[in-house]
Amino acid sequence: FGGVAIMLYHVKDGQVEFLFQHRSKFLKGNPDTWDVSAGGHVNLNEPIIDAAVRETREEIGVEIEKNKLEFAIFYPKGNRFVFLYFYNWTDREDEFTFDDQEVEEVKWIKHSELKNFLPNLKKILLNDKKFLFSLDEWNEKALNGNL
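Quick caveat: nothing in here was measured; it's all calculated off a predicted structure.

Caption draft 1: Expanded view of helix H4 (residues 129–143). Taking 1.5 Å of rise per residue, the 15 residues of H4 would be expected to cover 21 Å, and the 21 Å separating its terminal C-alpha atoms lies within 8% of that figure. Among all positions in H4, only Phe131, Leu132, Ser134, Leu135, Trp138, Asn139 and Ala142 are buried. On an axial view of H4, the arc spanned by its buried residues comes to 155 degrees, and they lie on one face. For H4, the exposed residues lying more than 90 degrees away from the buried face are Lys129 and Phe133. In this fold, the buried residues of H4 make contact with strand S1 (2–12), strand S2 (15–23), strand S5 (70–77), strand S6 (80–88), helix H2 (114–117) and helix H3 (123–126). Where H4 begins, the capping side chain belongs to Asp128, and its oxygen is found 3.1 Å from the backbone nitrogen of Lys130.

Caption draft 2: Quick peek at the packing of aromatic side chains. Within this structure, the stated rule accounts for ten aromatic pairs. With 5.6 Å between their ring centres and 70 degrees between their planes, Phe71 and Tyr85 make a pair best called edge-to-face. Of the two residues, Phe71 is situated in strand S5 and Tyr85 in strand S6; the sequence distance between them amounts to 14 residues. Note on Tyr85: relative accessible area 8%, which makes it buried. In this structure an aromatic cluster arises from ring pairing among Tyr9, Phe18, Phe86 and Trp138.

Caption draft 3: Just helix H1 (residues 48–60), in detail. With 13 residues, H1 should reach 18 Å at 1.5 Å per residue; the first-to-last C-alpha distance of 18 Å fits that figure. Of the positions making up H1, those classed as buried are Ile48, Ala51, Ala52, Val53, Arg54, Glu55, Thr56, Glu59 and Ile60. Against S1, S2, strand S4 (38–41), S6 and strand S7 (103–110) lie the buried residues of H1. A positive backbone phi angle near 70 degrees is found at Gly61, which sits one or two residues after H1.

The rules we used
- Residues numbered from 1 in each chain as written.
- Predicted model: local features only at pLDDT ≥ 70, side-chain atom pairs only at ≥ 80, totals over all residues.
- Heavy atoms only, no water.
- Helix = DSSP H or I, 4+ residues; strand = E, 2+ residues; numbered from the N terminus.
- Expected span 1.5 Å × (residues − 1).
- Buried < 20%, exposed > 50% of the residue type's maximum accessible area, 1.4 Å probe, protein only.
- Arc of directions from axis to C-beta.
- Contact = heavy atoms within 4.5 Å.
- Polar contact = N/O pair within 3.5 Å; in protein donor to acceptor, adjacent residues only side chain to side chain.
- Phe/Tyr/Trp six-rings, centres within 6.5 Å; stacked < 30°, edge-to-face > 60°.

So this is what it looks like as C-alpha cells:
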C-alpha cells in the first residue's frame, strides 16, 4: 500500500537543520546509508498518521504527537505511495535511542550543508526530486515563520 517518511527539523542559530539517520550496515535494504529521520511501511488498516508515530518510536526511540505532524506531500513511488511529514523538534531534547538495531546514529544537517551531504543518502532519496524540493520548501517556510 504505502509508506511514511518523517523528517524532524529544528531551527538553531537562525538556520534550519534536518535530522537524518544512518542505517545499520547489517540491514538487507540500503545498508550503511543515510535516510530520513524515520520511516517505513504502513500496516494493513493502520491510519497513516499512526504509522508515522510508530515508525518514529521504533527507529529513533522518541514519541511525537500526531497533531504536530506537518503534512508535506504524498506521491507515488514505484507501486506504492509515500506520505512525507515534517516535525518541528525545536526546543526538544535530543534523546534518541536505537533499540531495534536498524539505526546506528542520527545527525543534524544544516540546510546550507545539504548539497555536500546528499551523496551519502540512499539512492532512492538522492534521486527523489520531490523529497529534495520539500527540504528546500520547508527550509523557507521555517525561516519565514510560515509553519
